[in-house]
Each structure stands twice: as structure tokens, then as C-alpha cells.
Amino acid sequence: MSEVSSDVSSGVSSTVTHPFLDLAPLSAQHFAAIEARAAGMLATEQDVVIMQGEALLPLEGCIRGAARPGTTALNVITGPYGQTFGNWLRDCGATVVDLAVPFHTAVTAEQVRQAFAEHPGIDFVSLVHAEAATGNTNPVAEIGEVVREHGALFMLDAVASVGAEPLLPDAWGVDLCVIGAQKAMGGPAGVSAVSVSERAWQHIAANPQAPRRSYLSLLDWKERWIDGGRKALLHAPAQLEMLALEACVERIETEGLDALMARHATAAAATRALALALGAGLEPYVYEARDAAPVATTLRAPSGTDASELVAKALAADPVLSAWSPGAGRWPRR
Amino acid sequence: MIRVNHYGPDATRGVVHACLAALGAAMGEAGLTVDLEAARRAVTQAWR
């Protein structure tokens, strides 16, 4: 990628240009424009903040901002990230009610309703919309209705659903919705975004334990960026990642979000059909099509075969495939 | 467990067919009997 000029006579080499280097600074105005376009992915009237890190940054920021001793959190576990959220919640001093379901299924609104009935003090709910690792997706609209009925704050990890399936935080009553660009959006992993409802801002501001003057702080972005009219950034932005995010959003705008989601739905349906038609015992890991995430399809390897060996052979021809083994703790990259 | 990603540009008929070919070949190599033609038809049907 680099163009290197060599001065043979002196033996000195110098890199003269590279597309990733020596870029003009990213202005606050340009940053705000990218932020506004990325917010379009969420179809929300809420504040949207671009965070300068992978989506785990705003996810942890949301939990540490919202939870404290006295919080009773319903943590829905339908894949590996629910376990991580539970650890953060406990670390904040919250009482955590884990609602775990088999990873080849989805949680139901009725199960969430039952959890509220058994633990009426629940005031915070964390949920992963779609699980790329396990290939399942949860009915957020129905769950959101139950959460709203009980007045709890609702945090959604939508990293693996944004761009692949409908995501409507306002209509679904989601107070904190985190997205990343590295999956269905086909963009960079190094920046992410979170939408924050007004009552979530109030809740976080009232939490003396919420991070302040910290890289994890949502409040810093609220007070110094949003309330300041988006004129001055908190720190130097991740310039390359922001430009990549802009390019990826532009590509989605050109194609259309509905068309992008339709491609994902069809690719997932085709892969499930492929597995069953191929035979030899290969079958979808998530049995019910309604529970299957459009972003990634997980398959059960035929009995007596080693999934890793099959994938290793297939990967030689097709790098889109990957394999994981929960028993061995080998989880795929987000 | 086998995972097929459909991330963004990979959510296409071409990529699904490529996965089919790769997975079918790997399973055949492992001594399994696979029906590639039925799988191709299933993918084509899904993309209609």
C-alpha cells in the first residue's frame, strides 16, 4: 500500500504517502454530520452519541451509568454477551436477576413478564437483540411492551441486528440502544453509537456512581458535546474509523436500509434451506426460523463429525464461514 | 457448530452459493453423502 521512494545514492528510504496517513483533522462539524447520518440507522428522536471505541464501550458505559446499589436488574441471557452484562451489573452493586434461555431459542415476552411477577423490584432490563455467536434473535417489540408496563429502564444491544432486521428503539420503548457498524452495516469495528432517551439521561445523571470525566462516561458526551451544541469534541476523534463509518453509512443510504435488511433475511433463509437440503444430518442450530437472526446462520455439524475440521476445510475455499465451540470457550469475534 | 456470517456485503446469493460449494466439498471429503443439487435448488428458491 505504501509508496516508498529510495535514494540509492544515500541509502535513505522515506515513506512519502499512504491513504491512511496525513489526513486533514476531522472537524467537530464533520463529526456531527457523520453522527447524524449514523443516527438514521436507528430511526430515533432520542439523542445519539458516537462513542470512540468498539460497542463494548457504550454497553459498559450504559450499565455503569444506569446501575448502582439498589438497582434490581433483569439480565436476559440468550448468548455470551448476556453473561458479560451480568458481571458488569453485579460489579456496580446491582441485584441481578438472570433470565437464561437455551442459546438455540429466543426469550419470550411471557418469560420476561413472569420475571417481573417474581421480582417486582426490577427497574432495569438488559437484552441482546440478535446474537451473532449463536444465531438467534429476540422479539424486542413484544418484550419492550412488557418492560414499559413495569416502568423499567430498557437497554438493548443491537450490534448484530442493526442493518439486518428492523430496529425501532422509540416504538419499542428502548431507553439505551447500542449499535456497532462491523456486522450487517459492513463498516468499522472501532466506533459505535448509542441512543439515549430523556428518562435514561435523567436516571444516569441522578446516579452518583455513574462514570464522570471518564472514557466510559455517557454524561460527559451529554454535557460537553450535546448540550454544548456539538461544537467541541471531548478529545481527538478516531479519524479513520469515523471516515469508514461515514463511507459505510453512505453505502447503506445508496442501497436503502430496507433492501439491506431484505438481503440479510434472504441470505439467512437460503442458508437454512441449504443446510437441510444438503443432507447428511447438517441442520440449523436455531430450530425455529422465527428465532433465527438474519445476520448469521449457525448450523449443527452432522453427528460424528468435527465442526472445526469441516470448517477448516471449507474455509480454505470460503473465508465467510467460521466455527465456534462453546465447550472449548472459543467464541468468534463480534 | 458452524457459523455462516451474512455481514453486509456478504449477504448475497453468490456468497451463499460459495458457502454451499465449500461446505459441500468439505462434507464430501469427510466421507458424508451430500445432495449438492438439492441444496443449489433450495438456495435458488430462497432467492426468488
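Here the residue numbering is sequential within each chain, running from 1 through the sequence in written order. As a convention, the first chain written is A and the first ligand written is 1, with the rest following in written order. Side-chain atom pairs in this predicted model are given and counted only at pLDDT of 80 or more, local residue features only at pLDDT of at least 70, and totals for whole chains, interfaces and linings cover all residues.

## A short note on the environment of Ala 238 of chain A
All names here are of chain A. Counted only if it meets this: Only DSSP runs of H or I with at least four residues qualify as helices, and only runs of E with at least two residues qualify as strands; both kinds are numbered from the N terminus onward. Any residue whose C-beta has 12 or fewer other C-beta atoms within 10 Å is treated as exposed, any with 20 or more as buried, and any in between as partly exposed, C-beta atoms being built from the backbone. Residues are treated as contacting if the C-beta atoms built from their backbones sit within 7 Å of each other.
Note that Ala 238 resides in the loop between helix H8 (218-226) and helix H9 (239-255). Given 18 C-beta atoms within a 10 Å radius, Ala 238 is considered partly exposed. C-alpha of Ala 238 to C-alpha of Ala 205: the two residues are 33 residues apart in sequence and 26 Å apart in space. Residue contacts for Ala 238: discarding those within four places in its chain leaves Gln 52, Gly 190 and Val 191.

## A closer look at the sheet that holds strand S9 (residues 153-157) of chain A
Residues and elements named next belong to chain A. Selection rule: Pairs of strands are assigned from DSSP output, requiring at least two bridges between the strands. Axis lines are fitted through C-alpha atoms, for helices just across the contact stretch, and the angle between N-to-C directions can take any value from 0 to 180 degrees.
Pairing is mixed across the open sheet formed by 7 strands, whose spatial order is S3-S11-S10-S9-S6-S4-S5. At either end of the open sheet lies a strand with only one pairing partner, and these are strand S3 (47-51) and strand S5 (95-100). This sheet shows a mean twist of 15° between the axes of neighbouring strands, independent of strand direction. With 5 bridges joining them, S3 and strand S11 (residues 192-196) adopt antiparallel strand pairing. When the bridges of S11 are listed, Val 49 appears paired with Val 194.

## Regarding the confidence of the model for chain A
Residue and element names in this part refer to chain A. In plain terms, the rule: Every residue carries a pLDDT, the predictor's confidence in it, which falls somewhere between 0 and 100.
On average, residues of chain A score 92 in pLDDT, and 90% of them reach the 70 mark or higher. A low-confidence stretch, residues 1-12 (pLDDT under 50), is modelled with 12 contacts involving residues beyond four sequence positions or located in other chains. Across residues 326-334, confidence stays below pLDDT 50; counting only partners more than four residues off in sequence or on other chains, it has 12 contacts.

## Looking at the interface of chain B and chain A
Worth spelling out the cut-off: Asp, Glu, Lys and Arg are counted as charged, while Ala, Val, Leu, Ile, Met, Phe, Trp, Tyr, Cys and Pro are counted as nonpolar; the rest, among them Gly, fall into the polar class.
Each partner contributes residues to the interface: chain B has 37 residues there, and chain A has 45 residues. For the side of chain B that touches chain A, the secondary structure elements donating two or more residues are strand S1 (2-5), helix H1 (13-29) and helix H2 (36-46) of chain B. Ranked by residues supplied to the side of chain B that touches chain A, first place goes to H1 of chain B with 13 residues. Tallied by class, the residues present in the side of chain B that touches chain A amount to 26 nonpolar, 7 polar and 4 charged. Pairing geometry for strand S13 (residues 296-300) of chain A and S1 of chain B, over 4 bridges, is antiparallel. Paired with Leu 299 of chain A across the two strands is Ile 2 of chain B, which belongs to S1 of chain B.

## Some remarks on the nonpolar core
Residue and element names in this part refer to chain A. This is how the line gets drawn: A set of buried Ala, Val, Leu, Ile, Met, Phe, Trp, Tyr and Cys residues, joined through C-beta atoms within 7 Å, is what we mean by a nonpolar core. A domain assignment, automatic or from a database, supplies the domain bounds used here.
Formed by 120 residues in total, the largest nonpolar core has its most connected members in Val 178, Ile 179, Val 194 and Leu 274. The element best represented in this core is helix H10 (residues 257-278), accounting for 11 residues. Each of domain 1 (28-253) and domain 2 (256-328) accounts for three or more of the residues forming this core. Not counting the four nearest positions on each side in its chain, Val 194 is found in contact with Val 49, Met 51, Pro 58, Cys 62, Leu 176, Cys 177, Val 178 and Leu 218.

## A word on helix H7 (residues 198-205) of chain A
Residue and element names in this part refer to chain A. Cut-off, in case you're wondering: The arc in question is formed by the directions pointing from the helix axis toward the C-beta atoms.
Inspection of H7 places Ala 200, Trp 201, His 203 and Ile 204 among the buried residues, and these make up the whole buried set. One side of H7 carries all its buried residues, which in axial view fall inside an arc of 165°. Facing away from the buried side of H7, by more than 90 degrees, are the exposed residues Glu 198, Arg 199 and Gln 202.

## With respect to the domain arrangement of chain A
Residue and element names in this part refer to chain A. The domains assigned to chain A are domain 1 (28-253) and domain 2 (256-328). The gap between the C-alpha centroids of domain 1 and domain 2 is 27 Å. If you look at the interface, domain 1 gives 20 residues, while domain 2 gives 16 residues. Looking at the side of domain 1 that touches domain 2, the elements that each hand over two or more residues are strand S7 (130-131) and strand S8 (136-137). Classifying every residue of the side of domain 1 that touches domain 2 by side-chain character gives 9 nonpolar, 8 polar and 3 charged.

## Quick look at the pairing of strand S10 (residues 176-180) of chain A
All names here are of chain A. In terms of residue burial, S10 counts as a mostly covered element, since 5 of its 5 residues are buried. Here S10 shows two buried faces, one formed by Leu 176, Val 178 and Gly 180 and the other by Cys 177 and Ile 179. Relative to S10, S9 runs parallel, the two sharing 3 bridges. When the sheet's bridge partners are listed, Asp 157 is paired in S10 with Val 178. Both S10 and S11 contribute to a ladder of 5 bridges, which runs antiparallel.

## As for the packing of helix H2 (residues 56-66) of chain A against helix H3 (residues 80-91) of chain A
All names here are of chain A. What counts, and what does not: The handedness criterion is simple: a crossing whose near helix is rotated anticlockwise from the far helix by less than a right angle is left-handed, and one whose near helix is rotated clockwise is right-handed.
Look at H2 against H3: their axes get within 9 Å of each other, and the N-to-C directions meet at 35°. Seen from above, H2 lies across H3 with right-handed handedness. For the pair H2 and H3, contact is made by Glu 60, Ile 63 and Arg 64 and by Phe 85, Trp 88 and Leu 89, respectively. Residues that form the contact of H2 with H3 fall into these classes: 4 nonpolar, no polar and 2 charged.

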